[in-house]
Amino acid sequence: MAASWCTISSPSTSEGVSLTAAKERGQLVFLEGLKSCLDLWFGEQEEQSGQANPLQFISKSTSDLKALFDFVQVSLTPASSDSWKGPVLLVDDLSVLLSLGATPVAVLDFIHYCRVVVCSQLKGNIVVLVHSNEDSEDEENELVVNSLCHHSDLILWVEGLATGFCKDVHGQIKITRRVSLELTGEQDVVQIYQYKIQDKNVTFFARGLSAAVL
């Protein structure tokens, strides 16, 4: 929702993945949030297949995200028995909904219903991007972040180095596998790696094993 189609399609092409081709084959449905907002604000909304603008809550007094959920449900519902399986819903990023006026309860309800459809009914997965930091004073955002972490099977926490800038290490990623959700009595598995962003890829390595050290 936060990025335009050109922003995400161009880098993917350089990586050998054609999102345009996937979109043409019906394997990808992209909601351009900025365009949807402009359509509402400037009265250029176009009804497609009788479906309302997914972000119509912006122009209403309530933060009901039903139209956005309806868009997700229609987009991911298989059109035929031979449709591709295991759909993935990518939300980039969820914090935008809060910035546009949606309440934390409405956002969490939206994710809950998406989880029911995508994960339970269609046997797919949901990947959500949110922003947070330890010193954040945004209570609504932190409420959403904490709730998502509580219900997630896998958490990727990406942050910069506490020691500051380093040309060989750009940050670290903490991977938490929520084994405790399976009620087996086992503890969550936590792995921490450092990374370096390069022109066309990202290199991951264990802490202390960067090129500068080796």
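You'll find the structure just up there.
Q: Give me the lowdown on the packing of helix α6 (residues 104-121) against helix α7 (residues 139-151), citing residues and values where you can.
A: Taken N-terminus to C-terminus, the directions of α6 and α7 make an angle of 25°; their axes are 9 Å apart at the nearest point. In this view, α6 runs roughly parallel relative to α7, as classed from their interaxial angle. Crossing handedness for the pair α6 and α7: right-handed. Across the interface between the two elements, Pro104, Val107, Leu108, Ile111 and Arg115 from α6 touch Glu140, Leu143, Val144, Ser147, Leu148 and His151 from α7. For the contact of α6 with α7, the residue count by class is seven nonpolar, two polar and two charged.

Q: Explain the pattern of salt bridges to me, and be specific about the residues and the numbers.
A: All chains considered together, the criterion is met by three salt bridges. As a salt-bridge pair, Lys196 and Asp168 come within 3.8 Å of each other at their nearest N and O atoms. You can see Lys196 sitting in strand β5 (residues 189-197) and its partner Asp168 sitting in the loop between β3 (154-159) and β4 (171-177), a full 28 residues away along the chain. In this structure, the salt-bridge partner of Asp188 is Arg178, at a minimum N-O distance of 3.2 Å. One end of the pair, Asp188, is in the loop between β4 and β5; the other, Arg178, is in the loop between β4 and β5, and 10 residues separate them in sequence. With relative accessibility at 13%, the residue Arg178 sits in the buried group.

Procedures and definitions
- Residues numbered from 1 in each chain as written.
- Predicted model: local features only at pLDDT ≥ 70, side-chain atom pairs only at ≥ 80, totals over all residues.
- Heavy atoms only, no water.
- Axes fitted to C-alpha atoms, helices over the stretch in contact; angles between N-to-C directions.
- Helix = DSSP H or I, 4+ residues; strand = E, 2+ residues; numbered from the N terminus.
- Parallel < 35°, antiparallel > 145°, perpendicular 65-115°, else oblique.
- Left-handed = near helix turned anticlockwise from the far one by under 90°.
- Contact = heavy atoms within 4.5 Å.
- Nonpolar A, V, L, I, M, F, W, Y, C, P; charged D, E, K, R; others polar.
- Salt bridge = Lys/Arg side-chain N within 4 Å of Asp/Glu carboxyl O.
- Buried < 20%, exposed > 50% of the residue type's maximum accessible area, 1.4 Å probe, protein only.

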